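In case you want the letters, here they are:
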Amino acid sequence: MGNAKKFLFKHAFILALLLFLAAFAACLIASVASSLAALLGASGEEEYGERFNEEELVGAYPLDQEVLALKDQVLAELKKYGKEQYIYLYLAVIQQESGGQGEDIFQCSESLGKPPNSISRKESITQGVKYLSGMLTSAKVSDPLDLSRIKIALQAYNFGGGFIEFVKNNGDEWKQKLVFQYAYQKSGGVRNQPPKDEQLGMWKYGDQYYTQHVLRYYMVEDSTAGETGTVQGIELSKRMSWLFPIGTPTSPIVMEQYLTFVSVPVCDLKGEITYVNVRCHKKLANSIKKCFEEMAAIKFPVIYNGCYVWRAMSGSSSQSHHSYGVAIDINASANQQYTSGDKSSPYYITSEVVQIWKSQGFYWGGDWDVAHIDPMHFTYTNH
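Parameters at a glance
Residues numbered from 1 in each chain as written. Predicted model: local features only at pLDDT ≥ 70, side-chain atom pairs only at ≥ 80, totals over all residues. Heavy atoms only, no water. Axes fitted to C-alpha atoms, helices over the stretch in contact; angles between N-to-C directions. Helix = DSSP H or I, 4+ residues; strand = E, 2+ residues; numbered from the N terminus. Parallel < 35°, antiparallel > 145°, perpendicular 65-115°, else oblique. Left-handed = near helix turned anticlockwise from the far one by under 90°. Contact = heavy atoms within 4.5 Å. Nonpolar A, V, L, I, M, F, W, Y, C, P; charged D, E, K, R; others polar. Buried < 20%, exposed > 50% of the residue type's maximum accessible area, 1.4 Å probe, protein only. Polar contact = N/O pair within 3.5 Å; in protein donor to acceptor, adjacent residues only side chain to side chain. Core = buried A, V, L, I, M, F, W, Y, C linked by side-chain atoms within 4.5 Å. Arc of directions from axis to C-beta. Salt bridge = Lys/Arg side-chain N within 4 Å of Asp/Glu carboxyl O. Pairing = 2+ DSSP bridges. Phe/Tyr/Trp six-rings, centres within 6.5 Å; stacked < 30°, edge-to-face > 60°. Lys NZ or Arg CZ within 6 Å of the ring centre and 35° of its normal. Expected span 1.5 Å × (residues − 1).

**What about the packing of helix H6 (residues 87–97) against helix H7 (residues 121–138)?**
Relative orientation of the contacting elements H6 and H7 amounts to 120 degrees, with a least axis distance of 11 Å. Relative to H7, the element H6 is oriented oblique. Judged by the sense of rotation from one axis to the other, the crossing of H6 with H7 is right-handed. Together, Leu89, Tyr90 and Val93 of H6 and Val129, Leu132, Ser133 and Leu136 of H7 make up the contact between the two elements. Class assignment for the residues of the contact of H6 with H7 results in 6 nonpolar, 1 polar and no charged.

If you want it as structure tokens, here you go:
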């Protein structure tokens, strides 16, 4: 009986040990499978997909002067391909690739089968414009505001033209996870090591954040900017989306891409003309200038009190539309908010002046109800 008990105990122990090892192996396999699924099944989307808020980053950073100085040279090359309207996209690529420094400013020598940084600046502009133009055409980008297709073209500039076909075969829509999937395939599953994984993405192939890196420098413009007829003809409900086609700016940094300075004439009480610089939305610059020119033509005295300033509305947490460069204040002392203005003052805003602004598509705060009346205020968005 003693030997039988020992035999049973020994085999029971072995059986329990085997069961424990089997359970441990099952847990280990499940854990590895879960990790692989997170990394491969979603191609890193859950881990990396929220790193950039692309809408807020578009145009968030200015172009360097060295890059802006290349505008005319790049434009001359763009005319060969009919892509002049995309000039700021090409400059954004230069900013990301080289900051306008060195010879191969587009970093495109390898697209010619040559070693990195082995071509002249002139050759780089010729090849860079040709190569990116081909990607824009292949990706079927419709206009400078077609950001979803522009992203495909930009990533193809970095990855190679095969990425466009890959996207086409996987729904033909821009998705960040497709970038990770493509990079995983091309890398053979080889991962970047820190800090490159943070800078360029998980997989050892290209820059998986290239679109965000370039678009942060992209000053979005379209061909209607500054056209007075278009400014007048847009419905009030659609004006903000026309002014900001990729979304209303959420910070003064993002707002920078939409602003410009325009020199306008102002008349004093003696009828003498001087000039002031108005910082305003680019699309409204011509219309604002025309209003000031017409006020000067009738010798209406003007004290300019401001246009663009990033701030909240008085007594409110809502953003003032001065923040968007679409509202102008003039002759504030004689036309105070919550009053109908001082008619005895030579700076009182007359009906003739109001008509000048309305003819250019602006609204007048003096038309608002008594709770909001603001006769110094002219606004494109009636806000």
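**So, the side chain of Ser187**
Locating Ser187 in the fold gives a position in helix H10 (residues 176–187). You can call Ser187 buried: its relative accessible area is 10%. Within the structure, the side chain of Ser187 is placed 3.0 Å from the backbone oxygen of Tyr184, a separation counted as a polar contact. In this structure the side chain of Ser187 is engaged in a polar contact, spanning 3.2 Å, whose partner is the backbone nitrogen of Gly189. Among all residues touching Ser187, those that are not within four sequence positions of it are Trp203, Lys204 and Tyr205.

**Digging into the side chain of Arg149**
Tracing the backbone shows Arg149 in helix H8 (residues 147–159). By relative accessible area, Arg149 is classed as buried at 14%. The residues contacting Arg149, other than those within four sequence positions of it, are Ala139, Lys140, Val141 and Asp172.

**Here we look at unusual backbone geometry**
Peptide bonds are, in most cases, trans, and in most cases residues other than glycine have a negative phi. The linkage connecting Pro194 with the following residue, Pro195, adopts the cis geometry, with an omega of 0 degrees. Tracing the backbone through its elements, the reader meets Pro195 in the loop between H10 and helix H11 (196–200). Positive phi values are uncommon outside glycine, yet Lys140 reaches one of about 60 degrees. For Lys140, the position within the fold is in the loop between H7 and H8. Among the residues examined, Lys140 registers a relative accessible area of 63% and is labelled exposed.

**Some details on the nonpolar core**
Counting 90 residues, the largest nonpolar core has Phe106, Phe163, Phe292 and Trp357 as its most contacted members. Among all residues touching Phe106, those that are not within four sequence positions of it are Tyr90, Val93, Ile94, Glu97, Ser124, Ile125, Gly128, Val129 and Tyr157.

**Things to note about helix H17 (residues 351–359)**
Within H17, burial applies to Val353, Val354, Ile356 and Trp357. An end-on view of H17 places all buried positions within 155 degrees of arc, on one side of the element. Its buried side turned inward, H17 meets helix H16 (285–297), strand S4 (327–330), strand S5 (363–364) and strand S6 (377–379). Two residues or fewer after H17 comes Gly361, characterised by a positive phi angle close to 95 degrees.

**Structural notes on the pattern of salt bridges**
Tallied over the full model, the rule gives 5 salt bridges. The partner of Arg149 in a salt bridge is Asp172, with the nearest N and O atoms 3.3 Å apart. Separated by 23 residues along the polypeptide, Arg149 in helix H8 and Asp172 in the loop between helix H9 (162–168) and H10 bring together distant segments of the chain. The partner of Lys358 in a salt bridge is Asp367, and the shortest N-O contact between them spans 2.8 Å. For Asp367, a relative accessible area of 46% puts it in the partly exposed group.

**Let's talk about the packing of H6 against H8**
When two helices pack together, their arrangement is given by the angle between the helix axes and the distance between those axes. Look at H6 against H8: their axes get within 13 Å of each other, and the N-to-C directions meet at 40 degrees. The angle between H6 and H8 places the two elements in the oblique class. Here the hand of the crossing between H6 and H8 comes out right-handed. Across the interface between the two elements, Leu89, Val93 and Glu97 of H6 pack against Ile150, Leu154 and Tyr157 of H8. Tallied by class, residues from the contact of H6 with H8 come to 5 nonpolar, no polar and 1 charged.

**A closer look at the sheet that holds S5**
Spatially, 4 strands are ordered S3-S4-S6-S5 in an open sheet, and the strand pairing comes out antiparallel. Looking along the sheet, the strands with just one partner apiece sit at the ends: strand S3 (304–306) and S5. Bridge analysis of S5 against S6 gives 2 bridges, and the strand direction is antiparallel. Pairing of Trp364 across the sheet is with Phe378, part of S6. The sheet strands contacting H17 are S4, S5 and S6, and the helix crosses S6 at an angle near 20 degrees.

**Here's the deal with the packing of aromatic side chains**
If you walk through the whole model with that rule in mind, you get 19 aromatic pairs. Each residue in the set Trp242, Phe292, Tyr304, Trp357, Phe362, Phe378 and Tyr380 is aromatic and connected to the rest through ring pairs, giving one cluster. Its guanidinium or amino end placed over the ring of Trp203, Arg191 lies 5.9 Å from that ring's centre, counting from NZ or CZ. The lysine or arginine in question, Lys283, covers the ring of Trp242, its NZ or CZ lying 4.4 Å from the ring centre.

**Some details on H7**
Look at H7: 25 Å from first C-alpha to last across 18 residues, which is about the 26 Å you get at 1.5 Å a residue. Elements in contact with the buried residues of H7: helix H5 (71–78), H6, H8 and H9. Positioned one or two residues after H7, Lys140 has a phi angle of 60 degrees, which is positive.

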